[in-house]
Amino acid sequence: MKGIPLVGEREKNSGSKCVISMHSRTTTIIQDPKNPEHTKTFIFDLAYWSHNGFQKDKDGVFISADPSSKFAGQRDVFHDLGRGILDSAWHGYNATLLAYGQTGSGKSYSMIGFGANKGIIPNVCEELFRAIESRDKNREYQVTFSMLEIYNEQVRDLLSRTKKPGGLKVREDQQLGFYVDGLRSVPCDNYAQIERLMEQGTKIRTTASTTMNASSSRSHMVITIQFKQVFLDRALTKQSSINLVDLAGSERQKSSGSEGDRLREGSRVNLSLTNLGNVISALADAAVGKKVLHIPYRASVLTKLLQSALGGNSRTTLIAAISPADICYEETLSTLRYAERAKKIRNKAVVNTSTLVRESRAENSKLLLECGNSRIAELPACLLTEPTAQLSWAHQLEQARREWQQHYVAIAQERRLGRTVPHLLNVNEDPQLTGVLKHFIQAGSCDAGQAASNAIILQGLGISDKHASFTNSDGKVMVTPHGKCKVIVNGVPITTKTKLRHLDRIILGSNSAYLYIGFPSERGSEDLSRFDYDFFQLERAAAEGVSVDKLGALHGGDAKVDPSVLAVFQDYVKLMPLVAEANQMSEELGKGLKMELKVKNLASSDSRGYDLQKEVTVKVTNRQTHQVWIWSKAKFINRKFLMEELYQRFLDGEDSHVAQEDDPFWDPVEVIHLGSAHIWLQSLAYCMKFEDQVEFLNCDGLEEAVLHIHMVPCSPTGQACGEEDVVIDPLELLGKRMDFQIHIVQCLGTKWLKEDAERGIQMGYRIYDLTNTLYTKPVWKIVNPQIEETVQFTALNASQEFLNYLQTNALIVDLWGLQEGCAELSCSQPDIIVTGEGHIMVDSKKISTVIDTGQTTSNQTPELHLKLVKLEEERELLRNINRVLREENVFLKESIEKTGSSQQAHKASNTLKINGMTEQLPAARNQMCTQEASYDREFAKALKVFYQSMNVARGQFLKLRHYKPPEDDQMLRPFVHQQSHMLKDFGDLLESSLWKLKNDVALIVKKKRECLLHVE
């Protein structure tokens, strides 16, 4: 067992942290990124570290950077695992090596390798033939090689150029078990032949991947080496079957599959891996003594072929390839648990020996007569007797040599042309399949497309019979699209004849990518590896105006990259070609769908103004009915697998019609989120009315509609508060009853309704601690609908938290699009607490607690609740009355004290004067109170004007935040000019608002001082 921590470009670009550590060669520790103190430890037979601590030697091989490095290279892995496989084979045991893990974790790198860093498979084959050359000459060694791929439960022979519809069949033999009928097994007598076979298989796999539109990461590759030793002096044979299996990516449904999709069980792509997991779980349970009734080997093609390797006659090793990045934590943990279960399985391998007896000769003779010499290579090797085996093996080798001779001639010709003739080099998502196909552009003009008559025959989605023409003349190569066929050069679509330059990037059809290699005079010592699949897609994204900056990855002016936004950008780029392919399948199958990528929350923020987490979605529109769906990334990927299955049936000439409920291109109509509007609640904290028209911004940050809304502080009876009720400090409202109304007046200029007159809209919002969203009534077929809905809210005892919320948060109103046939949105009323007047209560945590702890029976709850609300209202009323009486009592007490002291100082002769002063006191008090109220009203007006100005300024600031510079350099100057004007207006508004507030407050203070001096 081994874990190979590798990290890819997506993890690096996302600023991921390492969550894997290996403190010994057997221990793997994983750390939960959300809870760093929480770790899990796994013990395996071997654990290898290849994440860092390495360097390249002069041959390009990765080696340890220094003696203290934990790095394990390909040779280390082969020394521990590959030699064990070879030892088993020499002793006559079957051996199997499985590579398991998520896409990009290093499975194929470990098995095949890349460049100078050869993987286990080539190292095992090379070492096997090296050992044969030095062994006993009294033995005959027979080595055969086969290579197959399992995709979507179909088996394809990667050493055969003819594709059988539906794939090769898996059959069962009483002695051999499950085997692939018709699979080509090629005799080899040196390692160079196996190298060529692997190249041939990779080329066929690449062509099949392009033709079937199937990602290699979703398929299993199985290489089988049959190794037979014939002991000529003892009439004895030993035979070993070496199975080397590169499994498909093990991505969990949540991150790349079908979570939440009604068709999640429809795709067969993951069937083999799912059943492999079931088999391993059942075998692991049996190994620890649990009762297992059935082991589901027959549930998939893969588990049938691996039956002996998993629970029978084989020595089996599992490589668990993992990523150390925190964003892959769930996948990595799942892989480690999978490997831990597999470790419990115990196989009983036996030496495969047989004697050469007369009965075997008779059986072989019968088989030879029935099958003929042409099928000798396909006969079970263990059934061959000595004379027939020698004859047939010599015959097979001779036939293979003739084929090799033809193959070598073709390879030599291709290499010669590659050095002298311009050509197209394929670029694949799988690095193992990149550079495998070469299309040469000979002198003159040649057509490219699917038709067999073309000089360059291309396969893939969106490739027409006559797709484009290439012209090679006068030292120049030109490409010309045919009609409306899609041709992209360096990320930009072309429609006319275009000159190609060395290392130009070309995309034909939906996503067939090629690197143009120019004339020898143009070439240098360039590193072609940098022009990988990601390079093509990033260039395409940039040409379409999609960049990290547009997604808002930079934090203000510090130029630091937001890792979460970078991860979204990587997802966007990854999905771009998939969406293009899905659109092409829709077009060819006549589904009439248009799919386009969107970034959810691209310009959205929460109620406090902070950016929301962004994620990539796919907007799906039916061109005919105008119905719209929004699919998550996971749902789209799952649907695309299902689309591929349907499209393959279409290509094979089968019936591609499916029932509507099984159609991956269809979904029931649903409500669509169109945008959000932010209305800041600060005015309510000062008992001030707010009225404005606010933009609904869609996911692109563009105006979708305009909301006309009022927020009005009011009395319990609904009467709007006046200017005299404005408070200077929100703390004056602490502990008091607050009532306010939210009045949604109208929705103006809704684009959703302009696009299709049969549609409708609804709006929804929540405030503070309400658990349910309140929705307006649905309105259909009106572009500027009058809503006119008012809801009154009540806080019986305003808390400090609620007042803070009003001062710092916004009310978010969501705009929803209704389509004909969809379910309208509604609010669950039972969870809403209302007052005796029928107003919705907010800031009700204390009351809710009382209700929760005081519940006796469900029948008593409404009665207790009403009593509680009534008592709260009465308490608030008594509190207000008590406050007024206390203030009056203080005033009267002061008046009496002043009157008493005056009477002691003056005698009866001054009685008239004292009476006069006593009569003037209430009048002076009334005059002062009137003037105080007047000053408060003026101050409230000044505050109101200031807050209205601040709301306008806030809106301008939000607009400035969401404006992005244009990609076109020619548009940059007007953009900068516009931005400078907006900044100037924004600054002028702030300055004038502050200046006016300062003058108003100074004037009020001056009047108040004059009044106090006059009274004194």
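Notes on the structure in this doc start here. (Residues numbered from 1 in each chain as written. Predicted model: local features only at pLDDT ≥ 70, side-chain atom pairs only at ≥ 80, totals over all residues. Heavy atoms only, no water.)

Attention now moves to the overall build of the protein chain. The number of helices and strands found in the protein chain is 21 helices and 42 strands. Within the protein chain, buried positions represent 47% of all 1016 residues. Here the contacts in the protein chain between residues at least 6 apart in sequence split such that 66% fall between residues at least 24 apart. Accessible area of the protein chain: about 50600 Å², with a carbon and sulfur share of 52%. (Helix = DSSP H or I, 4+ residues; strand = E, 2+ residues; numbered from the N terminus. Buried < 20%, exposed > 50% of the residue type's maximum accessible area, 1.4 Å probe, protein only. Contact = heavy atoms within 4.5 Å. Areas by Shrake-Rupley, 256 points an atom, 1.4 Å probe, with all protein chains shown as cover.)

The next subject is the packing of aromatic side chains. Scanning the model with the defined rule gives 15 aromatic pairs in all. Taken together, the ring pairs connect F54, F62 and F71 into an aromatic cluster. Note that R639 overlies the ring of W631, its terminal NZ or CZ placed 5.0 Å from the centroid. (Phe/Tyr/Trp six-rings, centres within 6.5 Å; stacked < 30°, edge-to-face > 60°. Lys NZ or Arg CZ within 6 Å of the ring centre and 35° of its normal.)

On to the packing of helix α7 (residues 271-287) against helix α10 (residues 329-343), then. The interhelical angle for the contact between α7 and α10, taken along N-to-C directions, is 45°, at an axis separation of 8 Å. Between α7 and α10, the crossing angle belongs to the class labelled oblique. Here the hand of the crossing between α7 and α10 comes out left-handed. Every residue of α10 that contacts α7 at L273, L276, G277, I280, S281 and A284 is listed here: Y338, R341 and A342. When grouped by side-chain class, the residues that make up the contact of α7 with α10 number six nonpolar, two polar and one charged. (Axes fitted to C-alpha atoms, helices over the stretch in contact; angles between N-to-C directions. Parallel < 35°, antiparallel > 145°, perpendicular 65-115°, else oblique. Left-handed = near helix turned anticlockwise from the far one by under 90°. Nonpolar A, V, L, I, M, F, W, Y, C, P; charged D, E, K, R; others polar.)

Our next topic: α10. The end-to-end C-alpha distance of α10 is 21 Å, a good match for the 21 Å that 15 residues give at a rise of 1.5 Å each. Every buried residue belonging to α10 is among Y329, E331, T332, L333, T335, L336, Y338, A339 and A342, and all of these are buried. (Expected span 1.5 Å × (residues − 1).)

Right, let's talk about the environment of S632 for a bit. Its location among the elements puts S632 in strand β32 (residues 628-632). Between the C-alpha atom of S632 and that of V618, which follows or precedes it by 14 residues, the distance is 6.4 Å. Among the polar contacts made by the side chain of S632, one reaches the main-chain amide nitrogen of K635 at a distance of 3.1 Å. (Polar contact = N/O pair within 3.5 Å; in protein donor to acceptor, adjacent residues only side chain to side chain.)

For the structure on display, the rule yields 30 salt bridges. Two residues, E127 and R83, come together in a salt bridge whose shortest N-O distance is 3.7 Å. Of the two residues, E127 sits in helix α4 (residues 120-133) while R83 sits in helix α2 (residues 74-90), which places them 44 residues apart along the sequence. A relative accessible area of 16% means that E127 is categorised as buried. The class for R83 is partly exposed, based on a relative accessible area of 33%. The residue R401 makes a salt bridge to D189 at a minimum N-O spacing of 2.9 Å. (Salt bridge = Lys/Arg side-chain N within 4 Å of Asp/Glu carboxyl O.)

Another aspect to go through is the sheet that holds strand β21 (residues 444-449). In spatial order, the strands read β22-β21-β23-β24-β27; together these five strands make up an open sheet with mixed pairing. The sheet is open, and its two edges are formed by β22 (456-457) and β27 (498-500), each paired on a single side. (Pairing = 2+ DSSP bridges.)

This paragraph deals with the sheet that holds strand β28 (residues 505-508). What the six strands build is an open sheet, ordered β20-β19-β29-β28-β25-β26; its pairing is antiparallel. Single-partner strands in this sheet number two, and they are β20 (438-440) and β26 (492-493). One ladder, built from two bridges, connects strand β25 (residues 487-489) with β26; its direction is antiparallel. By the bridge assignment, V489 is partnered in β26 with V492. Seen against the sheet, helix α13 (residues 533-543) touches β19 (423-427), β25, β26, β28 and β29 (512-517) and runs at an angle of roughly 80° to β28.

Let us now look at the environment of W631. By the secondary structure assignment, W631 is in strand β32. Residue classification places W631 among the buried positions, given a relative accessible area of 0%. The spatial distance from the C-alpha of W631 to the C-alpha of L597 is 9.7 Å, given a sequence separation of 34 residues. Separated by 3.2 Å, the side chains of W631 and D667 make a polar contact.

So, about the nonpolar core. Among the nonpolar cores identified, the biggest contains 50 residues, and I679, I767 and F793 are the most heavily contacted of them. The biggest single contributor to this core is strand β36 (residues 738-748), with five residues. With sequence-adjacent residues up to four places away left out, I767 is seen in contact with L681, F740, I742, F793, Y805, L811 and V842. Membership of the second largest hydrophobic core comes to 44 residues, among which are I85, A99, L159 and C188. (Core = buried A, V, L, I, M, F, W, Y, C linked by side-chain atoms within 4.5 Å.)

Further remarks concern α4. The end-to-end C-alpha distance of α4 is 20 Å, a good match for the 20 Å that 14 residues give at a rise of 1.5 Å each. Summarising burial for α4: eleven of the 14 residues are buried, a large majority. Every buried residue of α4 is accounted for by I120, I121, P122, N123, V124, C125, E127, L128, F129, A131 and I132.

Let us look at the pairing of strand β33 (residues 672-680). Of all nine residues in β33, eight are buried, a share of seventy percent or more. In the sheet, β33 pairs with strand β41 (residues 810-818) via eight bridges, with the strands oriented antiparallel. Along β41, the bridge assignment pairs G675 with L815.

Relative to strand β35 (residues 703-714), strand β34 (residues 690-697) runs antiparallel, the two sharing eight bridges. Residue pairing across strands places L697 opposite E703, the latter belonging to β35. Following β34, the chain reverses through five residues before pairing antiparallel with β35; G701 in that reversal takes a positive phi of roughly 80°.

What follows covers the side chain of H467. In this structure, H467 sits in the loop between β22 and β23 (468-473). Classification of H467 by relative accessible area gives buried; the value is 0%. Reaching out from H467, the side chain makes a polar contact with the backbone oxygen of G462 at a distance of 3.5 Å. Only 3.1 Å separates the side chain of H467 from the backbone nitrogen of S464, close enough to count as a polar contact.

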